[in-house]
Amino acid sequence: ISSIRYDDTDHNGKIDQVVVIFDESMNTTENSTSGFTITNTDESTTYTISATGSFTTTTNTNDTFTFTLTEGSAYDTGANVSYAFVTGTLEDVANNDLADASGSIEDYASPVLLSATTNWGETDINLTFSEPVDNGGADLVVADFTYNDVGQATSISSVAITAGSTTGTITV
């Protein structure tokens, strides 16, 4: 296993896919996910995995194995997730079994804006994201947002994200 990452392909704040990249071509007739265990180590929960995955090509022919996870009820795109592979059926094109392996899974899932709320007469809009957001690199700026107050465009004066938190504020 060269790398392994998770993603949120439907952008709802919940992990739903794992992509494993191998350093060689794999035997595509063996596409069972048996042997894999995917765990959210923050919550000590194990994900339900699809029975089979599919192979595509990244660098070597059929070196990328993708499978789906059943989404949990919690927003988890920023979670620490680990994998273990023990005695599965995956093998390379020379029919060598994939060795047992374990480790951390890289987070490829972007934060998702879950809500933007305010109270009548307030100028601040409270934002909630699916995972902690760091605005230290100025990734979120005023130009990233638009605000329409009942058909009338209203200018946004500032965006403030609480670094390392799931919250932020837009001021109009």
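The present account deals with the structure reproduced in this document. Remember, predicted model here, so these are calculated numbers, not experimental data. (Residues numbered from 1 in each chain as written. Predicted model: local features only at pLDDT ≥ 70, side-chain atom pairs only at ≥ 80, totals over all residues. Heavy atoms only, no water.)

1. Describing the overall build of the chain
On a plain count of helices and strands, the chain comes out with zero helices and 14 strands. N-terminal to C-terminal, the α/β element order of the chain is β-β-β-β-β-β-β-β-β-β-β-β-β-β. Taken along its principal axes, the extent of the C-alpha atoms in the chain is 65 × 30 × 30 Å. Out of the 172 residues belonging to the chain, those deemed buried represent 34%. Intrachain contacts of the chain at a sequence separation of at least 6 include 56% that bridge at least 24 residues. (Helix = DSSP H or I, 4+ residues; strand = E, 2+ residues; numbered from the N terminus. Buried < 20%, exposed > 50% of the residue type's maximum accessible area, 1.4 Å probe, protein only. Contact = heavy atoms within 4.5 Å.)

2. Let's talk about unusual backbone geometry
Within the chain, His11 stands out as a residue other than glycine whose phi angle is a positive 55 degrees. Assignment of secondary structure puts His11 in the loop between strand E1 (3-7) and strand E2 (17-21). Its relative accessible area of 58% is what places His11 among the exposed residues.

3. Overview of the sheet that holds strand E14 (residues 165-171)
With respect to topology, four strands assemble into an open sheet ordered E9-E10-E14-E13, the strand pairing being antiparallel. Strand pairing shows two members of the sheet lacking a second neighbour, strand E9 (113-117) and strand E13 (158-161), which therefore form its edges. Sheet twist, expressed as the average angle between the axes of neighbouring strands with direction ignored, equals 20 degrees. One ladder, built from four bridges, connects E13 with E14; its direction is antiparallel. Pairing of Ser158 across the sheet is with Thr171, part of E14. (Pairing = 2+ DSSP bridges. Axes fitted to C-alpha atoms, helices over the stretch in contact; angles between N-to-C directions.)

4. So, the packing of aromatic side chains
Scanning all chains against the criterion turns up four aromatic pairs. Residues Phe65 and Phe67 carry aromatic rings whose centres are separated by 5.8 Å and whose planes lie at 50 degrees to one another, so their mutual orientation is tilted. For the pair Phe65 and Phe67, a shared accessibility class is recorded, and that class is buried. The ring of Tyr108 has Arg5 lying over it, and the distance from NZ or CZ to the ring centre is 4.7 Å. For the cation-ring pair, Lys14 lies above Tyr75, with the distance from its terminal atom to the ring centre recorded as 5.4 Å. (Phe/Tyr/Trp six-rings, centres within 6.5 Å; stacked < 30°, edge-to-face > 60°. Lys NZ or Arg CZ within 6 Å of the ring centre and 35° of its normal.)

5. Structural notes on the pairing of E13
Both faces of the sheet carry side chains from a regular strand, because those side chains alternate between them. The alternating pattern of E13 places Val159 and Ile161 on a buried face and Ser158 and Ala160 on a face that is not buried. As consecutive antiparallel partners, E13 and E14 are separated by three residues, and within that stretch Gly164 has a phi angle of approximately 75 degrees, a positive value.

6. Quick notes on the sheet that holds strand E3 (residues 36-40)
Read across the open sheet, the eight strands follow the order E4-E3-E7-E8-E1-E2-E6-E5; overall the sheet is mixed. In this open sheet, the two edge strands, each paired with only one partner strand, are strand E4 (45-46) and strand E5 (54-56). Where E3 meets E4, two bridges bridge the pair, whose relative direction is antiparallel. Bridging across to E4, Asn40 finds its partner in Thr45.

7. Some thoughts on the environment of Ala94
As for its position among the elements, Ala94 is in the loop between strand E7 (81-85) and strand E8 (101-107). Separated by 17 residues in sequence, Ala94 and Thr77 place their C-alpha atoms 36 Å apart.

8. Details of the layout of surface pockets
If you add up the space inside the largest pocket, you get close to 220 Å³. Lining the largest pocket are 14 residues; nearest its centre among them are Asn40, Glu43, Thr45, Ala74 and Asp76. For the lining of the largest pocket, the residue count by class is four nonpolar, six polar and four charged. The computed volume of the second largest pocket comes to approximately 180 Å³. Together, Thr118, Asn119, Trp120, Gly121, Glu122, Thr123, Ile125, Tyr147, Asp149, Val150, Thr154 and Val172 line the second largest pocket. Residue classes in the lining of the second largest pocket are distributed as five nonpolar, five polar and two charged. (1 Å grid on protein atoms, 1.4 Å probe; cavity = no way out; pocket = protein on both sides within 12 Å on 5 of 7 lines; lining within 4 Å. Points joined across faces, edges and corners; volume = space filled by probe spheres on them. Nonpolar A, V, L, I, M, F, W, Y, C, P; charged D, E, K, R; others polar.)

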